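Observations on the model geometry
Each chain, letter by letter, is given below.
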Amino acid sequence: MKKDKNRTMQRLLTAVGSIIREQGFEAVGVNAVARKAGVDKVLLYRYFGDLNTLLKEYVSASDYYRTAASTVPPSMEHFTRKDLHKVGTQILLGQFRRLRESPDLQEIYRWELSVDNRLTRSLAEQREREGTALLTAFAERIDFSKADLPAMVSVILAGGIHLILRSKSANVFNGVELGTPAGWQRIEQAIDGLLGLAMGRVTIRPASRRRALAGRTPGTRKQKSSRTSSTKIRKGYRNRRYPFVE
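Residues numbered from 1 in each chain as written. Predicted model: local features only at pLDDT ≥ 70, side-chain atom pairs only at ≥ 80, totals over all residues. Heavy atoms only, no water.

**Comments concerning the overall build of the chain**
When you go through the chain residue by residue, the secondary structure sums to twelve helices and four strands. Relative to its 246 residues, the chain shows a buried fraction of 43%. For the chain, the proportion of contacts with a sequence separation of at least 24, taken over those separated by at least 6, is 66%. In the structure as shown, the chain presents an accessible area of about 14,400 Å², 51% of it carried by carbon and sulfur atoms. (Helix = DSSP H or I, 4+ residues; strand = E, 2+ residues; numbered from the N terminus. Buried < 20%, exposed > 50% of the residue type's maximum accessible area, 1.4 Å probe, protein only. Contact = heavy atoms within 4.5 Å. Areas by Shrake-Rupley, 256 points an atom, 1.4 Å probe, with all protein chains shown as cover.)

Structure (structure tokens):
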């Protein structure tokens with residue numbers, strides 16, 4: 001029974017992708033999805049609740065942010081600036097490569113840019129939560145008070161996404177070929193370089209200080225203060241739109 005449910009859910013998700021690629025996001029509807037999946041539309045409501053939830057699940061499964069968290073090490077305590085730069089580049093390039101390889105995901109991005117409704121806002125909020133969770137992992141290792149790294153990463157992300165979407169209707173942008181591997185290699189190298197410049201401006205929190213605090217006798221005021229500070233960092237990043245920027 002459970003296998004039948006999982007199989008049906010996957011068929012519905014696959015149907016969403018097929019309709020988006022063949023007809024565009026606007027063509028996605030309950031009847032169209034059920035017909036494409038070859039199942040009764042009652043099952044869509046039973047397993048997903050409504051069409052919006054189905055679409056959100058499809059976007060979340062297709063987007064890179066859900067799997068990107070697995071590329072972030074559980075601890076970056078001993079990471080150097082170079083190590084942090086490398087992990088950050090892997091995440092950014094992973095997102096861009098996923099988007100380039102997925103025509104249906106590109107259509108979803110275009111649709112989100114051109115339509116403002118409850119669903120597009122919900123998708124944007126979901127992506128924002130997942131993206132912010134990734135930056136939170138870096139927030140405990142990097143002090144953003146000297147440079148607004150989240151804003152700089154946003155500019156890099158926006159530029160890369162625009163070039164990918166633009167490649168459908170233009171072969172060249174500012175002299176860079178968008179339809180060749182060589183052109184995209186140039187873009188990826190530029191992304192790595194820009195992130196390196198951004199990382200060069202932030203302050204890396206000293207790992208040695210945290211190791212010293214961790215080595216104190218358990219229960220001391222200093223150790224408690226360290227834990228409290230770490231908690232404030234995490235909460236502060238999640239709750240403030242422009243974290244640690246003075």
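After that view, the rundown keeps rolling.
**Some words on helix α8 (residues 118–139)**
With 22 residues, α8 ought to run about 32 Å at 1.5 Å a step, and its terminal C-alpha atoms sit 31 Å apart, in line with that. Two or three places before Leu119, at the start of α8, stands the capping residue Asn117, its side-chain oxygen 3.0 Å from that residue's backbone nitrogen. (Expected span 1.5 Å × (residues − 1). Polar contact = N/O pair within 3.5 Å; in protein donor to acceptor, adjacent residues only side chain to side chain.)

**Observations concerning the nonpolar core**
Val33, Leu54 and Ile142 are the most contacted members of the largest nonpolar core, which has 62 residues in total. It is helix α9 (residues 149–166) that contributes the most residues to this core, eight residues altogether. The residues touching Leu54, leaving out its near neighbours within four places in the chain, are Leu12, Leu13, Val16, Val33, Leu44 and Phe48. (Core = buried A, V, L, I, M, F, W, Y, C linked by side-chain atoms within 4.5 Å.)

**Considerations on the packing of aromatic side chains**
Within the structure shown, the criterion is met by one aromatic pair. Pairing Phe25 with Trp111 gives two aromatic rings, centres 4.0 Å apart and planes at 25 degrees, and the pair type is stacked. One end of the pair, Phe25, is in the loop between α1 (2–23) and α2 (30–37); the other, Trp111, is in helix α7 (residues 103–114), with 86 residues separating them in the sequence. (Phe/Tyr/Trp six-rings, centres within 6.5 Å; stacked < 30°, edge-to-face > 60°.)

**Side note on empty space enclosed by the protein**
Applying the stated criterion across every chain, the model contains one cavity of 30 Å³ or more. Reported here for the largest cavity is a volume of approximately 40 Å³. In terms of lining residues, the largest cavity is bounded by Leu93, Phe96, Arg97, Arg100, Trp184, Ile187, Glu188 and Ile191. Those elements giving two or more residues to the lining of the largest cavity turn out to be α6 (81–100) and α10 (181–199). (1 Å grid on protein atoms, 1.4 Å probe; cavity = no way out; pocket = protein on both sides within 12 Å on 5 of 7 lines; lining within 4 Å. Points joined across faces, edges and corners; volume = space filled by probe spheres on them.)

**A short note on the environment of Arg205**
Mapped onto the elements, Arg205 comes out in the loop between β4 (203–204) and α11 (207–214). The spatial distance from the C-alpha of Arg205 to the C-alpha of Glu77 is 9.4 Å, given a sequence separation of 128 residues. At 3.4 Å, the side chain of Arg205 forms a polar contact with the backbone oxygen of Ala139.

**Focus on α1**
Between its terminal C-alpha atoms α1 stretches 31 Å, which fits the 32 Å expected from 22 residues at 1.5 Å a residue. What α1 keeps buried is the set Thr8, Leu12, Leu13, Ala15, Val16, Gly17, Ser18, Ile19 and Ile20. Against α2, α3 (41–48), α4 (51–62) and α7 lie the buried residues of α1. The first or second residue beyond α1 is Gly24, which carries a positive phi of 100 degrees.

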